[in-house]
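Residue-level structural notes
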Amino acid sequence: MSNEVVSIHALTKVYKRKAVVHNLSAELKKGTLVGLVGPNGAGKSTLIHLIAGVIRPTSGSIRLRISGPEKLAWVSQMTTMDWYLTAFHNVRLGARLGGLSWRESASETHRAMEVLGMAELKHVDVEILSGGQQKKVQVARALAQQADVLLLDEPTVGLDHKTCTDFLAHLRSLTNQGKTILIASHDLTLLEKHIDHVWLLDNGMLKIAQDVSELLTERKPKTISELIIDYYGTLDPSFLLALQATHGVSLVREKPLHMKLDAGTDTQPLLASVVKRVEVYAVRSNLQDIDLVQIYNQETQRT
């Protein structure tokens, strides 16, 4: 049996003759946390709205394999809540929508508010909360719904770092329970530590849809390390040329001796040849790794 919870095929949404989402096909699998990234205007919010069923596509299809509409929860960038209720009762609406009893919904509401560090706000009217606090109410309401699929559009905006970290760790635990989560965010560094897959949208087109670990492995540059040797004295230019030719290194600077090495280069013979000619007093190595931020910049800057 397929574990695809959301299947998207050739999805297109046109506004005023412009394709905001263009011929997009992708899948969300059960028990995964997917990070949706891209520049402003890339189509992230539109895609989430389409999956949530808030707007209809111009063409293409979306298939949801869930037992009912209450099994999909959605958090919008827009502030949507009942302004006449307290924070607690706004969150409780989510639990009730998820089918919990009056007593069960109270317990689930307390739990969701604890996750977001907002227990002290439960009796406060939402209309006097700050923007960040109102965002917490929306996110807590989605968590309390106990949905199978969570669609979160910039849910960490306005949250402090600790709350963000705790929240993402909680999302990770939900996927371990079989929940499927799509989260749009600009904080790529924070996302990278928690997500399974990354979707990169640019100009409405899905440029990357891949497992994060595979993506980072594939994009690692061939030259991954730098060797820096501090030494007394001088090295003959002819020796430096021979060093590059023999060991396949790229010379960045003569003193300190700063070289870039290809992956897998054995540094011991290289160091031995240097030590024979000068007194070495320090050796340093810097790794050059690649992360989601670099991949994001590379892909979005291509023409």
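Scroll up a little and you will see the structure.
The structure contained in this document is the topic of the report that follows. The residue numbering used here restarts from 1 in each chain and proceeds along that chain's sequence as written. For a predicted model such as this one, the threshold for reporting local features is a pLDDT of at least 70, and the threshold for listing and counting side-chain atom pairs is 80 or more; totals across whole chains, interfaces and linings nevertheless cover every residue. Here the side-chain values reflect all heavy atoms present in the structure, with hydrogen atoms and water set aside.

**Quick word on helix 4 (residues 131-144)**
Put simply, the test is: Runs of E in the DSSP output that reach at least two residues are strands. Runs of H or I that reach at least four are helices, and both are numbered from the N terminus. Multiplying one less than the number of residues by 1.5 Å gives the expected span of a helix. Any residue under 20% of the maximum accessible area for its type is buried, any over 50% is exposed, and the rest in between are partly exposed; the area is computed with a 1.4 Å probe on protein chains only. Here, residues are in contact when the closest pair of their heavy atoms is within 4.5 Å.
Compared with an ideal rise of 1.5 Å per residue, which puts 14 residues at 20 Å, helix 4 spans 20 Å between its outermost C-alpha atoms and is within 8% of the ideal. Listed as buried for helix 4 are Gly-132, Gln-134, Lys-135, Lys-136, Val-137, Gln-138, Val-139, Ala-140, Arg-141, Ala-142, Leu-143 and Ala-144. As for helix 4, its buried residues are in contact with strand 5 (72-75), helix 2 (87-97), helix 3 (102-115), strand 6 (149-153) and helix 5 (161-176). Gln-146 lies just past helix 4 and shows a positive phi near 55 degrees.

**Considering the packing of helix 3 against helix 4**
For any two helices packed against each other, the geometry comes down to the angle between their axes and how far apart the axes lie. Defined as follows: Angles run from 0 to 180 degrees between N-to-C directions of axes, and those axes are lines fitted to C-alpha atoms, restricted for helices to the stretch in contact. Any angle that falls under 35 degrees is termed roughly parallel, while one over 145 is termed roughly antiparallel, one within 65 to 115 roughly perpendicular, and all others oblique. The handedness criterion is simple: a crossing whose near helix is rotated anticlockwise from the far helix by less than a right angle is left-handed, and one whose near helix is rotated clockwise is right-handed.
Contact geometry of helix 3 with helix 4 gives a least axis separation of 9 Å together with a crossing angle of 135 degrees. Considering their axes alone, helix 3 and helix 4 lie oblique with respect to each other. The handedness of the crossing between helix 3 and helix 4 is right-handed. On helix 4, the residues that touch Glu-108, Arg-111, Ala-112, Met-113 and Val-115 of helix 3 are Ala-140, Leu-143 and Ala-144.

**Digging into the environment of Phe-167**
You can see Phe-167 is positioned in helix 5. With a relative accessible area of 0%, Phe-167 lands in the buried category. On a C-alpha basis, the gap between Phe-167 and Gly-117 in space is 9.3 Å, while along the polypeptide they are 50 residues apart. Aside from chain neighbours lying at most four places away, what touches Phe-167 is Leu-116, Val-139, Leu-143, Leu-152, Pro-155 and Thr-156.

**Some details on the pairing of strand 11 (residues 250-253)**
Selection criterion: When DSSP locates at least two bridges between a pair of strands, those strands are taken to pair.
In this sheet, strand 12 (residues 257-262) lies alongside strand 11 in antiparallel orientation, the contact comprising three bridges. Within strand 12, the position partnered with Leu-251 by the bridge is Met-259.

**Some points on the pairing of strand 2 (residues 18-29)**
When strand 1 (residues 4-15) meets strand 2, the two strands line up antiparallel, connected through eight bridges. Opposite Lys-13, over in strand 2, you have Val-21 as the bridge partner.

**Considerations on the side chain of Arg-92**
For clarity, the threshold we go by: In this tally Asp and Glu are treated as negative and Lys and Arg as positive; neither His nor the chain ends contributes. Between Lys or Arg on one side and Asp or Glu on the other, a salt bridge is scored when a side-chain nitrogen of the former is within 4 Å of a carboxyl oxygen of the latter. Nitrogen and oxygen atoms within 3.5 Å of one another constitute a polar contact, given that in protein one can donate a hydrogen and the other can accept it, and given that sequence-neighbouring residues count only through two side-chain atoms.
Structurally, Arg-92 can be placed in helix 2. Despite its burial, Arg-92 pairs with no opposite charge, the nearest such side chain being Glu-104 at 9.9 Å. A polar side-chain atom of Arg-92 sits 2.9 Å from a polar atom in the side chain of Ser-105. Contact partners of Arg-92, with chain neighbours within four places excluded, come to Trp-102, Arg-103, Ser-105, Ala-106 and Thr-109.

**Considerations on empty space enclosed by the protein**
Heads up, the condition is: Put simply, the grid is 1 Å and covers the protein atoms alone, a cavity is a trapped set of points that fit a 1.4 Å probe, a pocket is an open set with protein on both sides within 12 Å along at least five of seven lines, and lining residues have an atom within 4 Å of a point. Grid points are joined across faces, edges and corners, and a volume is the space filled by probe spheres set on the points. Throughout, the ten residues Ala, Val, Leu, Ile, Met, Phe, Trp, Tyr, Cys and Pro are labelled nonpolar, Asp, Glu, Lys and Arg are labelled charged, and all others, Gly among them, are labelled polar.
Applying the stated criterion across every chain yields a total of one cavity of 30 Å³ or more. Estimated volume of the largest cavity: approximately 50 Å³. Along its surface, the largest cavity is lined by Val-37, Leu-188, Val-198, Leu-200, Ile-208, Leu-215, Leu-292, Ile-295 and Tyr-296. Sorting the residues of the lining of the largest cavity by element identifies strand 8 (197-202) and helix 10 (292-300) as the ones contributing at least two each. Of the residues forming the lining of the largest cavity, the biggest block, three residues, is contributed by helix 10. Here the lining of the largest cavity is built from residues that sort into nine nonpolar, no polar and no charged.

Bear in mind that shape data such as this cannot, by itself, settle questions of function.
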